[in-house]
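Listed below, chain by chain, are the residues.
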Amino acid sequence: MKNPLGIHALVWAGSWNSEHREKAIALSAKYGYDLIEIPLLEPREIDVSGTVKLLEQYNLKAATSLALSPQTDISSPEPDIVAKGETLLNEALLVARDLGANYLGGVLYSALQKYNSPPVEVGRHHCIEVLSRLADKAKQMGMTIGLEAVNRYESNLINTAAQALEIIAETGSDNIVVHLDSFHMNIEEESFSEAITLCAEKLGYFHLGESNRGYLGSGTIDFASIFKSLRDNHYTGVITFESFSSTVVTPHLSNALALWRNLWDDSEKLAHHAKYFMEKHLHSAESPSS
Ligand code: MN
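These numbers come from a predicted model, not from an experiment. (Residues numbered from 1 in each chain as written. Predicted model: local features only at pLDDT ≥ 70, side-chain atom pairs only at ≥ 80, totals over all residues. Heavy atoms only, no water.)

A. Quick peek at the overall build of the protein. Summing up its helical and strand segments, the protein has ten helices and eight strands in all. Along the three orthogonal principal directions, the C-alpha set of the protein runs to about 50 × 40 × 40 Å. Counting over 290 residues, the protein shows a buried share of 56%. By sequence separation, contacts in the protein at least 24 residues apart represent 77% of the contacts at least 6 residues apart. Of the roughly 12800 Å² of accessible surface on the protein, a fraction of 50% belongs to carbon and sulfur atoms. (Helix = DSSP H or I, 4+ residues; strand = E, 2+ residues; numbered from the N terminus. Buried < 20%, exposed > 50% of the residue type's maximum accessible area, 1.4 Å probe, protein only. Contact = heavy atoms within 4.5 Å. Areas by Shrake-Rupley, 256 points an atom, 1.4 Å probe, with all protein chains shown as cover.)

B. Representation of the pairing of strand 3 (residues 61-68) within the structure. With six of eight residues buried, strand 3 lies mostly within the body of the structure. Note: strand 2 (residues 35-39) against strand 3, five bridges, orientation parallel. Directly across from Pro 39, in strand 3, lies its bridge partner Ser 65. With five bridges joining them, strand 3 and strand 4 (residues 103-111) adopt parallel strand pairing. When the sheet's bridge partners are listed, Leu 66 is paired in strand 4 with Gly 106. Read from strand 3 through helix 3 (residues 79-98) to strand 4, the crossover connection turns out right-handed. (Pairing = 2+ DSSP bridges. Right-handed = clockwise from strand over helix to strand, strands pointing away.)

C. Inspection of the environment of Ala 13 at higher detail. Looking at where Ala 13 falls in the secondary structure, it is placed in the loop between strand 1 (5-8) and helix 1 (18-30). Each C-alpha atom of the pair Ala 13 and Arg 124 lies 34 Å from the other, and the pair is 111 residues apart in sequence. Once you skip the residues sitting within four places of it in the chain, Ala 13 turns out to touch His 20 and Val 248.

D. Summary view of the environment of Ala 83. Locating Ala 83 in the fold gives a position in helix 3. Counting along the chain gives 43 residues from Ala 83 to His 126, while the straight-line C-alpha distance between them is 9.6 Å.

E. Quick look at the coordination of the manganese ion. Within the protein, Glu 148 (OE), Asp 181 (OD), His 207 (ND1) and Glu 242 (OE) serve as the donor atoms for the manganese ion, at 2.0 to 2.2 Å. Each donor residue of the manganese ion belongs to the same chain, with the gaps between them written as E-x32-D-x25-H-x34-E. Remark: Glu 242 occurs in the loop between strand 8 (238-241) and helix 9 (251-256) and His 207 occurs in strand 7 (residues 203-208); sequence separation between them is 35 residues. The exposure classification of His 207 matches that of Glu 242, with both residues buried. (Donors = N, O, S within 2.8 Å, 3.2 Å for Na, K, Ca; no water.)

F. Structural view of the pattern of salt bridges. Going through the model one piece at a time under the given rule, you end up with 14 salt bridges. Across the pair Asp 98 and Arg 97 runs a salt bridge, and its minimum N-O distance is 3.0 Å. For Asp 98, a relative accessible area of 38% gives the class partly exposed. The closest approach of N and O atoms between Asp 232 and Arg 231, which form a salt bridge, is 2.6 Å. Take Asp 232: its relative accessible area is 35%, and that puts it in the partly exposed class. Classification of Arg 231 as partly exposed rests on a relative accessible area of 23%. Among the ionic contacts, a cluster of salt bridges with common partners joins Arg 124, Glu 166 and Glu 170. (Salt bridge = Lys/Arg side-chain N within 4 Å of Asp/Glu carboxyl O.)

Everything listed here is a matter of geometry and, on its own, says nothing about what the molecule does.
Below, the structure written as structure tokens:
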């Protein structure tokens with residue numbers, strides 16, 4: 001298995017100012033990652049040319065991600081909120097393209113929050129309409145949109161691979177893929193391998209996170225089964241390590257992600273370990289008998 005291995009920028013730094021982005025890109029390259037996932041929470045604040053220069057200097061690829069807020073929730077029944085969300089997604093898409101990324105994924109379909117009720121039909125319809133238009137724009141730029149299934153406390157719309165597939169089918173777009181994350185799958189799916197197999201043809205991006213979102217191997221997730229299933233389903237896409245600590249991320253995001261206790265404070269040690277862990281599992285999945 002030769003999947004490109006990525007690391008989430010928030011392992012390194014909580015912002016994308018010039019000091020932080022240089023640190024994030026340089027250290028991702030130093031620890032042997034192929035790609036850095038850059039969150040575009042405020043797309044207009046990203047220094048595109050400064051970032052591109054660093055990516056070229058360190059020979060690193062970029063993917064981009066985003067999570068909507070209650071103010072930009074395209075699954076809202078309120079047209080004004082939906083319009084704000086569509087504007088933000090369009091801005092993020094242009095920034096992603098200009099960064100040289102061909103992927104924009106994440107919670108692009110609803111707010112990242114605990115909802116107090118199930119999705120409503122009109123909101124779901126809004127979501128599908130906006131995603132379909134976004135995918136059309138992305139297609140003209142040769143880009144792919146990813147819908148990350150997240151757990152029930154972070155969205156009410158797409159919690160499973162099956163639900164992601166349903167929404168994708170309803171958009172009618174062929175450049176929207178399923179984005180799975182082992183941390184969320186661990187809460188919502190019946191099994192890792194069944195979920196991966198179900199969406200294999202549409203699986204376009206994979207987040208590797210532990211059940212406690214800390215060090216890979218320090219929780220309850222069966223990574224051997226995940227890597228075996230990715231191999232069995234011929235998944236050749238990106239696998240990105242994702243872990244968060246309030247030592248690094250801003251208090252606002254830290255609260256949104258419910259980081260109530262810290263599992264690490266040394267980014268380099270964590271990233272070094274994760275790269276080793278991923279390589280080891282890729283190798284074992286390749287030659288299961290050894
Ligand atoms: Mn994730």
